[in-house]
Amino acid sequence: MSHSLPALVVVDVQRAFDEWEAAGKRRNNPDAVARIADLLRAFRKRGAPIFHIRHEGTKPTSSFLPQRSGYAVKDEAREAPGEAVIVKRVNSAFIGTDLETRLRADNITTLVICGATTNHCVETTTRMAGNLGFDASLVRDATWTFDRIGPDGDKHSAEEIHAMTLSNLNGEFARIVAAADVIASLEAMRQ
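Structural notes, computed from the coordinates. (Residues numbered from 1 in each chain as written. Predicted model: local features only at pLDDT ≥ 70, side-chain atom pairs only at ≥ 80, totals over all residues. Heavy atoms only, no water.)

This part is about the sheet that holds strand β8 (residues 175-177). The strand order across the open sheet formed by 6 strands is β3-β2-β1-β4-β5-β8, and the pairing between neighbours is parallel. Sheet topology places β3 (84-88) and β8 at the edges, where each strand pairs with a single neighbour. The sheet shows a mean angle of 25° between the axes of neighbouring strands, direction not considered. Bridge count between strand β1 (residues 7-11) and strand β4 (residues 110-116): 5 bridges; the pairing is parallel. (Pairing = 2+ DSSP bridges. Helix = DSSP H or I, 4+ residues; strand = E, 2+ residues; numbered from the N terminus. Axes fitted to C-alpha atoms, helices over the stretch in contact; angles between N-to-C directions.)

A few words now on the environment of I176. Checked against the element boundaries, I176 lands in strand β8. A relative accessible area of 17% places I176 in the buried class. Taking the C-alpha atoms as reference points, I176 and I113, 63 residues apart in sequence, are found 9.8 Å from one another. I176 has contacts with L138, R140, L166, L169 and N170, leaving out every residue within four places of it along the chain. (Buried < 20%, exposed > 50% of the residue type's maximum accessible area, 1.4 Å probe, protein only. Contact = heavy atoms within 4.5 Å.)

Let's shift gears to helix α6 (residues 179-188). Among all positions in α6, only A179, V182, I183 and L186 are buried. The buried side chains of α6 occupy one side of the element, clustering within an arc of 95° when seen end-on. Residues A180, D181 and A188 are exposed on α6 and point more than 90 degrees away from its buried face. Those residues of α6 that are buried are in contact with α2 (32-46), β4, β5 (135-144) and β8. (Arc of directions from axis to C-beta.)

With that settled, the discussion passes to the nonpolar core. Ranked by internal contacts, the top residues of the largest apolar core, which has 30 residues, are L8, I36, L39, F43, C114, V139 and W144. Of all the secondary structure elements, the ones that give two or more residues to this core are β1, α1 (16-22), α2, β4, β5 and α6. Here this core gets 7 residues from one element, more than from any other, and that element is α2. Of all hydrophobic cores here, the second largest spans 25 residues; its members include F51, F94, C121 and F173. (Core = buried A, V, L, I, M, F, W, Y, C linked by side-chain atoms within 4.5 Å.)

A full pass over the atoms with the stated rule returns 16 salt bridges. Here D38 ties to R41 by a salt bridge, and the two come within 2.5 Å at their closest N and O atoms. Taken together, the residues span about one helical turn, with D38 and R41 both in helix α2 at a distance of 3 residues. When its relative accessible area of 22% is taken as the criterion, D38 is described as partly exposed. One salt bridge connects R104 with E100, and the closest N-O pair in it is separated by 3.0 Å. (Salt bridge = Lys/Arg side-chain N within 4 Å of Asp/Glu carboxyl O.)

Interpretation note: all reported values are geometric properties and have no functional meaning in isolation.
In structure tokens, the structure reads:
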């Protein structure tokens, strides 16, 4: 029997990204963390499963080393007692962790994915969720990314990167959804 409620997977909502912004990196979706907080409230209200993914850096210069201030989770997305926290060291929340094992053990088949950043850990986790056979939704307004310089020196805005990532994932790996729609469908589900 499958778990009737979807699981919320919250990827890397850590302070390192605030530090990147403070250092001048430009991002999109300024309200993404507020939307993640909305999702957390709705999933908690329904008693739906929540998995918090935390990135632990491995390079000496990483903003995500456990002893650095950037490793800490942003207050709005901090786990509540009893909620699973899974530490990863690569882009995918499924590699080198027990996330898949936990989901299968609880017969969870549907995942709602949010967090940071759209085109790195969120995208990699979403692609793998689709490849592993989960029914995945990616919440477009509860994820964000940063401007980047491409290999040829071209500038790409966070908005363009975000839109292209959603386009790449749409339909093949996941459904692209809005936080309000996820919350509405969660509230409409039978107990």
